[in-house]
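# A look at the structure
One-letter residues, chain by chain:
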Amino acid sequence: MRLATIVAELNEVEMVGLDGLPSFDDLEITDVNFDSRHVQVGSLFCCVPGAADDGHLHAHDAVAAGAVALLVDHRIDVDVPQLVVSNVREAMASVSATCFGHPAEDLSVVGVTGTNGKTTTTWILRNILTAARRNVEVLGTLSGTRTTPESPDLQRRLADWRDDGIDVVAMEVSSHAIDQHRVDAMKFRVALFTNLSRDHLDYHGSMEEYFETKARLFDPERCESAVVNLDSPHGRLLADAATVPTDGYSLDEVEDLNLSVDGSTFRWLGHPISLPLGGLFNVSNALGAAHVARVLGVDDATIAEGLSLPLVVEGRFERVDAGQPFAIIVDYAHTPDGLEQLLRAAGDIVDGRVIVVFGCGGDRDPSKRSMMGETAAQRADSVIITADNSRSESTDQIIASIVEGVQRVSSPRASSIIVEPDRRRAISMALRSAAPGDIVLLAGKGHETVQIIGESTTPFDDRLVASEEWKQLEAAR
């Protein structure tokens with residue numbers, strides 16, 4: 001695409017050309033990049049300033065790799081044409097959508113936002129649309145390093161799917177993505193809100209700002225229609241203030257509910273459902289996906305069929321079966337509400353004790369750590385506090401914050417509270433203490449396959465570790 005076409009869709013841009021260089025009218029752009037390591041010949045390189053690095057410092061490397069123009073927030077001494085804008089991130093979304101031909105206009109893109117449930121809801125929706133014989137793809141936590149890709153990567157992926165004949169894309173939309181303009185310059189066919197609870201306050205500062213960021217997705221300029229969780233107070237707020245056609249869902253729609261480790265059965269609008277995912281929260285996620293499917297024109301019988309199709313969502317109430325006489329569940333729950341919902345779900349289905357192993361991530365919102373300790377002490381029978389991804393923080397200090405919350409509980413349900421910083425040993429301890437009829441919950445890491453402690457990144461998958469440790473325990477008997 002000619003650079004002049006891209007420039008035409010930008011507001012308040014200064015075009016800086018240099019003598020002897022191709023004019024803006026003649027210059028062809030073949031790609032948009034923000035990482036100089038991925039630049040190809042013909043790229044427009046976007047110099048994104050960040051907290052730890054500044055893309056302007058990598059402009060020379062990008063040009064050496066083949067970039068033919070730059071998107072900058074100030075003129076720099078590099079011999080290629082430059083588009084000077086006030087906000088590179090915001091402009092990057094616009095130029096990316098333009099360069100790749102506005103792919104969202106040719107797709108039905110569903111944006112799922114909320115603190116918890118985004119990943120599972122998108123995969124449930126995929127099953128429903130598969131039953132409806134729609135060509136569908138999913139984009140989110142399980143498909144990349146970011147929940148929502150940066151705008152060039154997002155628009156490139158959408159364009160590839162459009163060209164491959166995909167009809168619908170179900171994607172997770174994080175609050176960071178909304179705030180950082182990653183989903184600007186595109187309109188969602190449906191925006192879905194799952195819930196809101198304490199998370200990312202290290203970034204947003206307050207729950208009010210966190211909700212306000214999420215709520216931006218439900219503006220008429222960003223979505224055509226909306227589906228919201230009416231069991232969530234914030235979902236009801238969105239419904240009351242709706243400026244687009246809005247549908248709501250609630251667990252009140254469910255009849256004859258039976259929950260088990262392996263899933264749930266219920267009736268929805270007269271249709272029998274056998275959902276292959278455990279936990280009441282996954283019933284709610286299923287309802288959200290069902291209502292989105294209705295907006296997309298899928299009939300209720302087909303929705304019921306899709307909800308009953310086999311499905312495993314990595315690290316989301318995922319069962320580990322190593323031959324043990326009790327249940328092992330791995331879940332990504334890493335917020336106070338997420339942990340509480342997980343513990344509630346376990347309590348609904350277990351005959352024996354609820355044993356939970358969890359920690360908290362470093363370099364993330366520290367205010368939730370004591371709250372998670374408090375929740376665990378109140379709702380589990382046995383609690384083992386361990387490391388998650390401590391990153392640059394001290395594991396001992398993170399655990400101490402969790403223990404503060406445990407100590408706030410005057411009458412803890414937990415008869416046993418243990419601190420074991422080594423996560424593998426913590427998992428082994430939980431398995432050794434479990435008896436038939438118990439449920440062991442490994443919370444916080446879910447689908448992740450590495451553990452980051454300090455500058456060290458080592459392979460670590462709760463699912464594999466649990467299986468390995470049980471087999472070792474069996475062999476030692």
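I will try to describe carefully the structure that is included in this document. (Residues numbered from 1 in each chain as written. Predicted model: local features only at pLDDT ≥ 70, side-chain atom pairs only at ≥ 80, totals over all residues. Heavy atoms only, no water.)

What follows concerns the sheet that holds strand S11 (residues 246–249). An order of S7-S8-S6-S9-S10-S11 is seen for the six strands of this open sheet, with the pairing classed as parallel. Unpaired on one side and paired on the other, strand S7 (136–139) and S11 mark the two borders of the sheet. Within the sheet, the average angular offset between the axes of one strand and its neighbour, ignoring direction, is 20°. Pairing of strand S6 (residues 108–113) with strand S9 (residues 188–193), which is carried by four bridges, proceeds in the parallel orientation. (Pairing = 2+ DSSP bridges. Helix = DSSP H or I, 4+ residues; strand = E, 2+ residues; numbered from the N terminus. Axes fitted to C-alpha atoms, helices over the stretch in contact; angles between N-to-C directions.)

Buried within helix H15 (residues 423–433) we find Arg 423, Ala 426, Ile 427, Ser 428, Ala 430 and Leu 431. Close packing links the buried residues of H15 with strand S16 (327–331), strand S17 (354–358), strand S18 (382–385), strand S20 (439–443), strand S21 (450–453) and helix H16 (462–475). Where H15 begins, one side-chain oxygen reaches toward the backbone nitrogen of Arg 424, 3.1 Å away; that side chain belongs to Asp 422. (Buried < 20%, exposed > 50% of the residue type's maximum accessible area, 1.4 Å probe, protein only. Contact = heavy atoms within 4.5 Å. Polar contact = N/O pair within 3.5 Å; in protein donor to acceptor, adjacent residues only side chain to side chain.)

Here we take up the layout of surface pockets. A volume near 640 Å³ is recorded for the second largest pocket. What lines the second largest pocket is a set of 23 residues, and nearest its centre among them are Asn 11, Glu 90, Ser 94, Asp 184 and Ala 185. Considering every element that reaches the lining of the second largest pocket, the biggest residue donor is helix H3 (residues 88–99), with four residues. Its residues assigned to classes, the lining of the second largest pocket comprises eight nonpolar, six polar and nine charged. (1 Å grid on protein atoms, 1.4 Å probe; cavity = no way out; pocket = protein on both sides within 12 Å on 5 of 7 lines; lining within 4 Å. Points joined across faces, edges and corners; volume = space filled by probe spheres on them. Nonpolar A, V, L, I, M, F, W, Y, C, P; charged D, E, K, R; others polar.)

Taken as a whole and judged by the stated rule, the model has 31 salt bridges. Note that Glu 420 and Arg 425 form a salt bridge whose closest N and O atoms lie 3.6 Å from each other. Glu 420 gets classed as buried once you look at its relative accessible area, which sits at 14%. Among the ionic pairs, Arg 424 bridges to Glu 468, the shortest N-O distance being 2.9 Å. Of the two residues, Arg 424 is situated in helix H15 and Glu 468 in helix H16; the sequence distance between them amounts to 44 residues. (Salt bridge = Lys/Arg side-chain N within 4 Å of Asp/Glu carboxyl O.)

Take the packing of aromatic side chains next. The final tally for this structure, using the stated rule, is four aromatic pairs. Seen in terms of ring centroids, Phe 193 and Phe 218 are 6.4 Å apart; in terms of plane orientation they differ by 75°. Their pairing is edge-to-face. Of this pair, Phe 193 sits in strand S9 while Phe 218 sits in the loop between helix H8 (207–215) and strand S10 (223–229), and the two are 25 residues apart along the sequence. Phe 193 sits in the buried class, given a relative accessible area of 0%. You can call Phe 218 buried: its relative accessible area is 8%. With a centroid separation of 5.9 Å and 70° between ring planes, the pair formed by Phe 281 and Phe 317 is classed as edge-to-face. Highlighted residues: Phe 281 in helix H10 (residues 280–295) and Phe 317 in the loop between helix H11 (300–307) and strand S15 (318–320), separated in sequence by 36 residues. An aromatic cluster of at least three residues, connected via ring pairs, comprises Phe 193, Phe 211 and Phe 218. (Phe/Tyr/Trp six-rings, centres within 6.5 Å; stacked < 30°, edge-to-face > 60°.)

Of the two faces of strand S4 (residues 69–72), both are covered, the one formed by Ala 69 and Leu 71 as well as the one formed by Leu 70 and Val 72. Where strand S3 (residues 43–46) meets S4, three bridges bridge the pair, whose relative direction is parallel. Residue pairing in the sheet places Leu 44 in a bridge with Ala 69 of S4. Remark: the S3/helix H2 (residues 59–65)/S4 crossover connection has right-handed handedness. Across three bridges, S4 lies against strand S5 (residues 82–84) in parallel orientation. (Right-handed = clockwise from strand over helix to strand, strands pointing away.)

In terms of nonpolar packing, the biggest core is built from 33 residues, with Val 110, Ile 124, Leu 125, Ile 128, Val 292, Ile 303 and Leu 307 touching the most fellow members. Elements represented by at least two residues in this core include exactly S6, helix H4 (118–131), strand S8 (168–172), S9, strand S13 (263–268), strand S14 (271–275), H10 and H11. Tallying contributions element by element places H10 first for this core, with seven residues. Counting 31 residues, the second largest nonpolar core, distinct from the first, contains Ala 333, Leu 339, Ile 385 and Ala 414. (Core = buried A, V, L, I, M, F, W, Y, C linked by side-chain atoms within 4.5 Å.)

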